[in-house]
Amino acid sequence: MRNFLTHSLYYLLYGNFFVAAAAASLTYVNAQLIGCTDSFSILPSFVFFATLFAYNFQRLIRVNNKNTTVSSFRLQWIKKHTKELRLLNVLSVIAMILIGIQLPYKTLFILVPAGIISSWYVLSYKQIPALRSIPFIKVFTIGLIWSTITVGLPYFTVPQTEINLTYFTFTVALFVIFQTIPFDIRDREIDQKSGIKTIAQKIGLVNSKRLIMVGFILMFVILFFGIRYQLLPKVGIVYAHASLVALPICFRINKNSSEIYYSLVVESILFLPFIFYVIR
């Protein structure tokens, strides 16, 4: 029984079901805040399978790259389960097609660029390097894609909204960026061996943690003023609470933090907006 639960946990985390569910939860919350209630189940479902495909696709490309050192247990697990993850990607694509045909055509203005950027994140072409290999832009790319998808898709499926789209997108992007920096802390040695330069690699663990703390506190302040001046009252409340709870989770990161802590606990920060939306 214990082995079954352990294997299930590895599939949940390293098979990227957990992060896909997190992306779906953000999409649901953002859709509700925007006022997109008609597609409340379609959009999160599509984003779930799209995220599942994108992350597994990127991981498979990464572990099969000759310049990548497969040293962590997570990457070794992915290398060992390549066939299962490829099959999962095929099923994810089928699900995306079945769900995607129900979306308005104008969502292609979001989906096509996001798909190109997601592929470009790990794939290089001749003299054009992969985005993740360009120094210091990795976390910003992730923040851009997540905010564009989880905010842009609901926005394109609702006739009208009173939400300040720029402020909302910026809020989600910042939240994802500061949640992503811990994973650069985790991957510092692997990225260094692969020749990838990240913020966490440049400034070190302690300064990276300080950056995260300041970032989430700054988010709280920005959102406080958003609530005060009624720019994004509902969004501000949800993401302000999420930013505060994220602080102690990131503060506990140290050089001995396990893969499970990052993949389960730190990743769970992405569920906080959904939790605070439900209990608000």
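Residues numbered from 1 in each chain as written. Predicted model: local features only at pLDDT ≥ 70, side-chain atom pairs only at ≥ 80, totals over all residues. Heavy atoms only, no water.

One pass over the full model with this rule turns up one cavity of 30 Å³ or more. Computed from the structure, the largest cavity encloses a volume of approximately 40 Å³. Lining the largest cavity, in full, are Y167, F170, T171, L174, M219, I222 and L223. (1 Å grid on protein atoms, 1.4 Å probe; cavity = no way out; pocket = protein on both sides within 12 Å on 5 of 7 lines; lining within 4 Å. Points joined across faces, edges and corners; volume = space filled by probe spheres on them.)

Located in the positive-phi region is N16, a residue other than glycine, with phi close to 70°. Here N16 shows up in the loop between α1 (2–14) and α2 (17–34). Given a relative accessible area of 4%, N16 falls into the buried group. Even without glycine at this site, F136 takes up a positive phi of about 70°. Turning to its location among the elements, F136 is positioned in the loop between α6 (108–120) and α7 (138–156). By relative accessible area, which is 32% here, F136 ends up partly exposed. (Helix = DSSP H or I, 4+ residues; strand = E, 2+ residues; numbered from the N terminus. Buried < 20%, exposed > 50% of the residue type's maximum accessible area, 1.4 Å probe, protein only.)

Okay, α7 next. Between the first and last C-alpha of α7 there are 26 Å, a value that for 19 residues agrees with the 27 Å anticipated at 1.5 Å per step. Counting buried residues in α7 gives 14 out of 19 residues, a clear majority hidden from the surface. (Expected span 1.5 Å × (residues − 1).)

Bringing the nonpolar core into the picture now. Ranked by internal contacts, the top residues of the largest apolar core, which has 85 residues, are W146, F168, F216 and Y239. In this structure W146 touches V19, A22, A23, L26, Y55, V176 and L270, once residues within four positions along its chain are discounted. (Core = buried A, V, L, I, M, F, W, Y, C linked by side-chain atoms within 4.5 Å. Contact = heavy atoms within 4.5 Å.)

In this structure the tally under the stated criterion is 17 aromatic pairs. Between F53 and F57, the aromatic rings sit 5.8 Å apart at their centres with planes inclined by 20°, giving stacked as the arrangement. Of this pair, F53 and F57 both sit in helix α3 (residues 42–63), separated by four residues, roughly a single helical turn. For F57, a relative accessible area of 23% puts it in the partly exposed group. An angle of 50° between the planes, with centres 6.2 Å apart, marks the rings of F183 and Y262 as tilted. With F183 in helix α8 (residues 165–186) and Y262 in helix α12 (residues 259–266), this residue pair connects regions lying 79 residues apart in the sequence. Of the two residues, F183 and Y262, both sit in the buried class. Counting every residue linked through ring pairs, the aromatic cluster contains Y10, Y11, Y14, F73 and W77. Over the ring of F251 we find K209; its NZ or CZ atom is 5.0 Å from the centre of that ring. (Phe/Tyr/Trp six-rings, centres within 6.5 Å; stacked < 30°, edge-to-face > 60°. Lys NZ or Arg CZ within 6 Å of the ring centre and 35° of its normal.)

For the rest of this paragraph, the subject is the confidence of the model for the chain. Summing up the model confidence of the chain, the mean pLDDT is 89 and the portion of residues at 70 or higher is 95%. Taken element by element, the chain is modelled with least confidence in helix α9 (residues 188–193), mean pLDDT 82, and with most confidence in helix α5 (residues 82–100), mean pLDDT 95. (pLDDT = per-residue confidence, 0-100.)

Bringing a nonpolar patch on the surface into the picture now. On the surface, a nonpolar cluster with roughly 650 Å² of combined accessible area is contributed by I217, F220, V221, F224, F225, Y229 and L244. Counting residues per element, the nonpolar patch draws most heavily on helix α10 (residues 199–228), which supplies five residues. Examined against the element boundaries, Y229 turns out to sit in the loop between α10 and α11 (233–251). (Patch = residues over 30% accessible without salt bridge, like charges linked within 9 Å, V, L, I, M, F, W, Y side chains within 5 Å. Areas by Shrake-Rupley, 256 points an atom, 1.4 Å probe, with all protein chains shown as cover. Salt bridge = Lys/Arg side-chain N within 4 Å of Asp/Glu carboxyl O.)

Another point: the layout of surface pockets. Counted as a void, the second largest pocket has a volume near 320 Å³. Every residue lining the second largest pocket is counted, 17 residues in all, and those nearest its centre are I185, R186, D187, E189 and K255. Residue assignment for the lining of the second largest pocket shows that the elements contributing at least two residues are α8, α9 and α12. Looking at side-chain class alone, the lining of the second largest pocket contains four nonpolar, five polar and eight charged residues. (Nonpolar A, V, L, I, M, F, W, Y, C, P; charged D, E, K, R; others polar.)

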